[in-house]
Amino acid sequence: AAQAQTDAIRLNQIGFYPDGPKTAVVVDAEAETFTVRPAGGGEAVYSGAFGAAETWGPSGETVRLAEFSDLAAPGEYVVEVDGVGTSYPFAVSGHVHQEVARGALKAYYYMRASEPLEAAYAGRWARPAGHPDDRVLVHNSAATAGRPAGTVISAPGGWYDAGDYNKYVVNSGISVGTLLLLMEQYPAYAAALDTGIPESGDGVPDLLDETLVNVRWMLAMQDEDGGVYHKLTTANFEGEVMPHRATATRYVVQKGTAATLDFAATMAQASRVVSGYDDAFPGLADSLRTAAEAAWVWARANPTVAYNQGALSDPAISTGAYGDGTFSDEFDWAAWELFLTTGDAAYLAARPIPTRPSIGTPWWGGVREMGYYSLLTHREDIGDEVDVDALRDALLRQADAFLADREGSAYDVVMGGQTSQFNWGSNSNAGNQGVALVLAYQLTGDRRYLDAAISNLDYLLGRNATGFSFLTGFGDKTPMHIHHRPSQADGIADPVPGLLAGGPHAGGQDVGPNSWQCDDYRTTPAASYVDDWCSYATNEITINWNAPLVYLASAIEAELSE
Ligand code: 9MR
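The numbers attached to residues start from 1 for each chain and follow its sequence in the written order. Owing to the predicted nature of the model, reporting of local features is limited to residues with pLDDT of at least 70; listing and counting of side-chain atom pairs is limited to 80 or more, with chain, interface and lining totals taken over all residues. Only hydrogens and water are removed before side-chain values are computed, so all heavy atoms of the structure are retained for them.

## Here we look at the pairing of strand 14 (residues 229–233)
- Strand 14 sits mainly inside the fold: five of its five residues count as buried.
- Note: strand 13 (residues 167–168) against strand 14, two bridges, orientation antiparallel. Considered in strand 14, the bridge of Lys167 is made with Leu232.
- In terms of strand pairing, strand 14 meets strand 15 (residues 251–255) through four bridges, oriented antiparallel. Bridge pairing links Leu232 to Val252 in strand 15. Think of it in three bands: with a 1.4 Å probe and only protein chains considered, a residue is buried below 20% of the maximum accessible area for its type, exposed above 50%, and partly exposed in between. Helical segments are the DSSP runs of H or I of at least four residues, strand segments are the runs of E of at least two, and each set is numbered from the N terminus. Two strands pair if DSSP finds at least two bridges between them.

Okay, here's the thing in structure tokens:
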């Protein structure tokens, strides 16, 4: 007899590759065996025995693994366990993550400022243009040199950062950097990926067209002296309204070392990528390189300017800070991208690569890895001034540590090897671990690395302690109430699709007694998540969390279906 659907069987709700690993996690199962059946009903096509019951540290759950990797026949299936129930349906298919990759990239289109989202591209989520940003005031904090306070500048376009409507350069850095890394590594895959945006069919990959939306905005954030404004923002966060109803005065505030170097790194990288499309973008590669060089010069002359929001007044600014007082990683990233783009070894002399590099997981405040990734991507074309073997060893040390984390995981995932990984935006850690593992696979061809990367994609799409597939619009149990103003204000039940929720985090910054705050949802690190608008600490979305997912899903698709 058919059993009830349950979220106690946790699995990638999208599915698996025919020759790939296939695992479900079952919580508190008494049964010893499981079966896999066609989703539409019928005889079991697979039956297996559970692994031993184990406790997953980050959630404290007692779980068993149901492994069915041998099930290779394409189809739609469910996992069934006596006394537990039936899983959400999933596919076994050769392009199983193609729509995930496409959807996660398309999300950036929905995040565009200053242009209307037409029904032809946005469907149900069509909306008027918000935030023209053609009359933005230079805040007094930004006027130490360069344009004076009160100057009106134009910096239209780009992507909204997150659930709020501001545009932040620091966070744009790693987001654009990750998408450009994908573009450099998988140009053929990118060329075939059509996301249905206004630029589709113009002879340039949609991935590049979309990324350039934000790159062009970033160019407008550079002051005449080469320094780059930290952000373009209202004084305070706006209400739960659609973008075109959010009309408070916009400012560019304080130029800073981190923003300027993130800008230098990504403009250098963009210059390299765009130079391959000279006909489509005449002169752009040169402009990007020149902008990157001017930013570098400014940062060398202003090497310690931290963004200090608390010191700003007239008006005071209370929106996202993205404050970062450590600039060595931004200097390294910028120098190494400039070296790769210009071939000028002076950049390496300015920021030498350590003889024994250490590679961790990048985030918006720690971007040295982005430089290492680009160097490794160009390992065949750079000369003896770079010890590529040392970089390779460093990357593989990190990747091997991730393999060990997976080995020790009751969920059979890399994510959660340390509880500190469940910080604000934890899902981006799962994504970024996956990026490193894909790179390890590129370097070695060792399938264990790719399978470990897939384990984290499985995590994000449902094999986790919440049972959610964290990507809106993908899966049966997926966030419906993300902290995203358009999704909250548009009157459409379904959220804007393709957005990755921040994920489990027990910081509780959004918990409190006020009407706009959350009731306490905190449990264990891996389960502290609530699908509610109130939860900006677990259920917001950002451009820098989506980017590693775009990379991960796309790279895995490219590797397994090319
Ligand atoms: O992603 C940011 C996270 O690392 C910080 O801990 C948190 C608090 O400072 O801020 C997050 O960034 C938010 C930004 O400041 C404003 N837009 C929404 C971002 C995601 O919540």
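## Some remarks on the site of the ligand
- Here, proximity means that at least one heavy atom of the residue falls within 4 Å of the molecule or strand. Around the ligand sit Asp161, Ala162, Asp164, Tyr168, Gly320, Ala321, Tyr322, Trp364, Trp424, Glu540, Thr542 and Trp545, and those are all the residues in its vicinity.
- What qualifies as a polar contact is a pair of N or O atoms within 3.5 Å, subject to a donor-acceptor requirement within protein and to the restriction that residues adjacent in sequence count only when both atoms come from side chains. At 2.7 Å from a nitrogen atom of the ligand is found a side-chain nitrogen or oxygen belonging to Asp164.
- Per-residue and other accessible areas were derived by the Shrake-Rupley procedure at a 1.4 Å probe size, with only the shown protein chains allowed to occlude residues. For the ligand, whose unbound accessible area comes to 460 Å², protein coverage reaches 77%.
- When the residues that make up the shell around the ligand are grouped by side-chain class, the tally is seven nonpolar, two polar and three charged. Side-chain classes follow a simple rule in which Ala, Val, Leu, Ile, Met, Phe, Trp, Tyr, Cys and Pro form the nonpolar group, Asp, Glu, Lys and Arg form the charged group, and the remainder, Gly included, forms the polar group.

## With respect to the packing of aromatic side chains
- Stacked, tilted and edge-to-face pairs are distinguished by plane angle, under 30 degrees for stacked and over 60 for edge-to-face with tilted covering the rest, among Phe, Tyr and Trp rings (Trp via its six-membered ring) whose centres lie within 6.5 Å. The full count for this structure, using the stated rule, is 23 aromatic pairs.
- Relative to Trp125, the ring of Tyr110 has its centre 6.2 Å away and its plane inclined at 80 degrees; by these criteria the two rings are edge-to-face. Of this pair, Tyr110 sits in helix 1 (residues 98–110) while Trp125 sits in the loop between helix 2 (119–122) and strand 11 (136–138); the two residues are 15 residues apart in sequence, bridging distant segments of the chain.
- On the basis of relative accessibility, which here comes to 13%, the residue Trp125 falls in the buried class.
- Centre to centre, the rings of Trp424 and Tyr536 are 6.0 Å apart; their planes meet at 35 degrees, and the pair counts as tilted. Taken as a pair, Trp424 in the loop between helix 11 (388–407) and helix 12 (426–444) and Tyr536 in the loop between helix 14 (485–489) and helix 15 (543–561) lie far apart in primary sequence, 112 residues in all.
- By relative accessible area, which is 36% here, Trp424 ends up partly exposed.

## Here we look at the domain arrangement of the chain
- In this entry, domain limits derive from an automatic or database-based domain assignment. Once the domains are mapped, the chain shows domain 1 (9–92) and domain 2 (98–465 + 543–561).
- Taken over C-alpha atoms, the centre of domain 1 sits 36 Å from the centre of domain 2.
- In what follows, a contact means two residues having at least one pair of non-hydrogen atoms within 4.5 Å. Across the boundary between the two partners, domain 1 contributes 23 residues, which contact 25 residues of domain 2.
- Simply put, the buried area is the total loss of 1.4 Å probe accessible area from both parts when two parts are fitted together. Interface area, domain 1 with domain 2, both sides summed: about 1,800 Å², of which 63% is carbon and sulfur.
- We count a salt bridge whenever a side-chain nitrogen from Lys or Arg sits within 4 Å of a carboxyl oxygen from Asp or Glu. In this assembly, domain 1 and domain 2 are joined by one salt bridge.
- We note a salt bridge from Arg447 to Asp19, for which the minimum N-O separation is 3.6 Å.
- Counting every contact that joins domain 1 to domain 2 gives seven residue pairs in polar contact (both at pLDDT 80 or more).
- Residues that form the side of domain 1 that touches domain 2 fall into these classes: 12 nonpolar, seven polar and four charged.

## A closer look at the nonpolar core
- Among the nonpolar cores identified, the biggest contains 156 residues, and Trp56, Leu208, Met221, Tyr373, Leu395, Leu437 and Tyr551 are the most heavily contacted of them.
- For this core, the element with the highest residue contribution is helix 6 (residues 257–274), accounting for 11 residues.
- If near-sequence neighbours (up to four positions away) are discounted, Met221 is found in contact with Ala155, Val169, Gly227, Val228, Tyr229, Lys231, Leu232 and Val252.
- Residue types Ala, Val, Leu, Ile, Met, Phe, Trp, Tyr and Cys, when buried and joined through side-chain atoms within 4.5 Å, form a set referred to as a nonpolar core. Ranked by size, the runner-up nonpolar core spans 18 residues in total, among them Phe16, Ala24, Phe34 and Val36.

## So, the sheet that holds strand 13
- Pairing is mixed across the open sheet formed by five strands, whose spatial order is 12-11-15-14-13. The open sheet has two free edges, formed respectively by strand 12 (152–153) and strand 13, since each of these has just one partner strand.
- Summarising the sheet, strand 11 and strand 15 pair through two bridges and their orientation is parallel. Each bridged residue has a counterpart across the sheet, and for Val138 the counterpart in strand 15 is Val252.

## Some remarks on the state of the cysteines
- Disulfides are defined as pairs of cysteine sulfur atoms found within 2.5 Å of each other. Across all of its chains, the model carries one disulfide by this definition.
- One disulfide in the model links Cys518 with Cys534; its S-S distance is 2.1 Å. Measuring the twist about the S-S bond at about 115 degrees, one finds the Cys518-Cys534 disulfide to be right-handed. Of the two residues, Cys518 sits in the loop between helix 14 and helix 15 while Cys534 sits in the loop between helix 14 and helix 15, which places them 16 residues apart along the sequence. No difference in accessibility class separates Cys518 from Cys534, as the two residues are buried.

## Digging into the side chain of Ser87
- Counting through the fold element by element, Ser87 comes out in the loop between strand 9 (85–86) and strand 10 (90–92).
- Residue classification places Ser87 among the buried residues on the basis of a relative accessible area of 1%.
- Non-local contacts of Ser87, meaning those with residues more than four positions away in its chain, are made with Gln5, Thr6, Ile9, Leu11, Val78 and Val79.

## Focus: the packing of helix 3 (residues 169–185) against helix 5 (residues 206–220)
- Note on geometry: axes are C-alpha line fits, over the in-contact stretch for helices, and angles between N-to-C directions span 0 to 180 degrees. Direction vectors running N to C along helix 3 and helix 5 enclose 150 degrees, while the axes themselves pass 10 Å from each other. Viewed along their axes, helix 3 and helix 5 adopt a mutual orientation that is roughly antiparallel. As helix 3 runs across helix 5, the sense of the crossing is left-handed. Across from Val169, Ser172, Gly173, Val176, Leu179, Leu180, Leu182 and Met183 in helix 3, the residues of helix 5 making contact are Leu207, Leu208, Thr211, Asn214, Val215, Trp217 and Met218. Roughly parallel refers to an angle under 35 degrees, roughly antiparallel to one over 145, roughly perpendicular to one between 65 and 115, and oblique to any angle outside these ranges. Two helices cross in a left-handed way if the nearer one is turned anticlockwise from the farther one by less than a right angle. They cross in a right-handed way if the turn is clockwise.

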